[in-house]
Amino acid sequence: MFSTDHELHEALTASGTFGALYAAVHASTPRLTPQAHEDRNQGSEPVAGLRFAEDMPHSGQARTRGTLVITADGTLTVRAYTTPGSRWLTALRYLGALHSIRPGADTTAPTDPATPLWSLRPHVKDRILSGSLQPADHVQAKTLTELPDTIGDVNALLAVAPDNRDACPAAWALAVGFFHVLATGTPAAQEP
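Description of the structure in this document. (Residues numbered from 1 in each chain as written. Predicted model: local features only at pLDDT ≥ 70, side-chain atom pairs only at ≥ 80, totals over all residues. Heavy atoms only, no water.)

1. What about the pairing of strand β4 (residues 76-84)?
Part 1 of the argument: Here strand β3 (residues 65-71) runs beside β4; their pairing, made up of six bridges, is antiparallel. Across the sheet, Arg65 pairs through a bridge with Tyr81, a residue of β4.
Part 2 of the argument: As consecutive antiparallel partners, β3 and β4 are separated by four residues, and within that stretch Gly74 has a phi angle of approximately 90°, a positive value.
Part 3 of the argument: As paired strands, β4 and strand β8 (residues 153-162) are joined by seven bridges and run antiparallel to one another. Among the inter-strand pairings, Pro84 is bridged to a residue of β8, identified as Asp153. (Pairing = 2+ DSSP bridges. Helix = DSSP H or I, 4+ residues; strand = E, 2+ residues; numbered from the N terminus.)

Shown next as structure tokens:
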């Protein structure tokens, strides 16, 4: 989709993706500090993004940290390490409804049939939860959560991929909305 770093950066800037990502970092609670993403594979496919780390650790063993990377195919991937499990699940609910991840718990379907539903699969042996979702036309989302826990910290990944270049702005907006909820605990305010 994007053949050069410049082309990818222009599309991210024109769509408002970079501005919205940095706005989410600056509105974060607890406070996150951004750093530019370093392309360690210089000369390879175009890549853009940022790294983030929690200024002060939350009540857990370590600081939340992670990366946001956008690749040449338009996929925006959020990786978070030692992030609160409840915050991760809240952010997943921003994109689509979740059925219960605990065996025997009540499962409720979304009240609005237009609301997408995550297809989640727990892998008990490996203590991971994986899932997929189609949150919009021509946009696919996938998640992988290690040690899924609504009380403790998790390591997790979300990838939102457009099917074609025209779907990039919609995919990026969904991923940025997810990250805003992850960083702040609430959806971003809608602009008039």
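So, next bit.
2. Focus on the sheet that holds strand β7 (residues 139-146)
Pairing between the strands of a sheet is mediated by backbone hydrogen bonds and can be parallel or antiparallel.
Part 1 of the argument: What the eight strands build is an open sheet, ordered β1-β2-β3-β4-β8-β7-β6-β5; its pairing is antiparallel. The two strands at the open ends of the sheet, each matched to only one other strand, are β1 (32-36) and β5 (119-123). Geometrically, the sheet is characterised by an average inter-axis angle of 15° between neighbouring strands, direction not taken into account.
Part 2 of the argument: Relative to strand β2 (residues 47-54), β1 runs antiparallel, the two sharing five bridges. (Axes fitted to C-alpha atoms, helices over the stretch in contact; angles between N-to-C directions.)

3. Comments concerning the packing of helix α3 (residues 85-95) against helix α4 (residues 168-184)
Part 1 of the argument: Their axes nearest at 8 Å, the elements α3 and α4 cross at an angle of 150°. Taken together, the axes of α3 and α4 lie roughly antiparallel to each other. Our pair here, α3 against α4, has a crossing hand that is right-handed. Contacts from Arg87, Trp88, Thr90, Ala91, Leu92, Tyr94 and Leu95 in α3 reach Leu174, Gly177, Phe178, Val181, Leu182, Ala183 and Thr184 in α4.
Part 2 of the argument: Across the contact of α3 with α4, the residue classes tally to 10 nonpolar, three polar and one charged. (Parallel < 35°, antiparallel > 145°, perpendicular 65-115°, else oblique. Left-handed = near helix turned anticlockwise from the far one by under 90°. Contact = heavy atoms within 4.5 Å. Nonpolar A, V, L, I, M, F, W, Y, C, P; charged D, E, K, R; others polar.)

4. Looking at α4
Part 1 of the argument: The terminal C-alpha atoms of α4 lie 24 Å apart, and with 17 residues this matches the ideal 24 Å at 1.5 Å per residue to within 8%.
Part 2 of the argument: Counting buried positions over the 17 residues of α4 gives 14, a clear majority of the element.
Part 3 of the argument: Once α4 finishes, Gly185 follows within two positions and takes phi at roughly 95°, a positive value. (Expected span 1.5 Å × (residues − 1). Buried < 20%, exposed > 50% of the residue type's maximum accessible area, 1.4 Å probe, protein only.)

5. Structural notes on unusual backbone geometry
The phi angle of most residues is negative, glycine excepted, and most peptide bonds adopt the trans form.
Part 1 of the argument: Thr29 connects to Pro30 through a cis peptide bond whose omega is -5°.
Part 2 of the argument: Summarising the element assignment, Pro30 is placed in the loop between α2 (17-26) and β1.
Part 3 of the argument: Not every positive phi belongs to a glycine, and Thr82 is a case in point at roughly 50°.
Part 4 of the argument: Along the chain, Thr82 falls in strand β4.
Part 5 of the argument: Unlike most non-glycine residues, His138 shows phi in positive territory, near 65°.
Part 6 of the argument: Along the polypeptide, His138 turns up in the loop between β6 (128-136) and β7.

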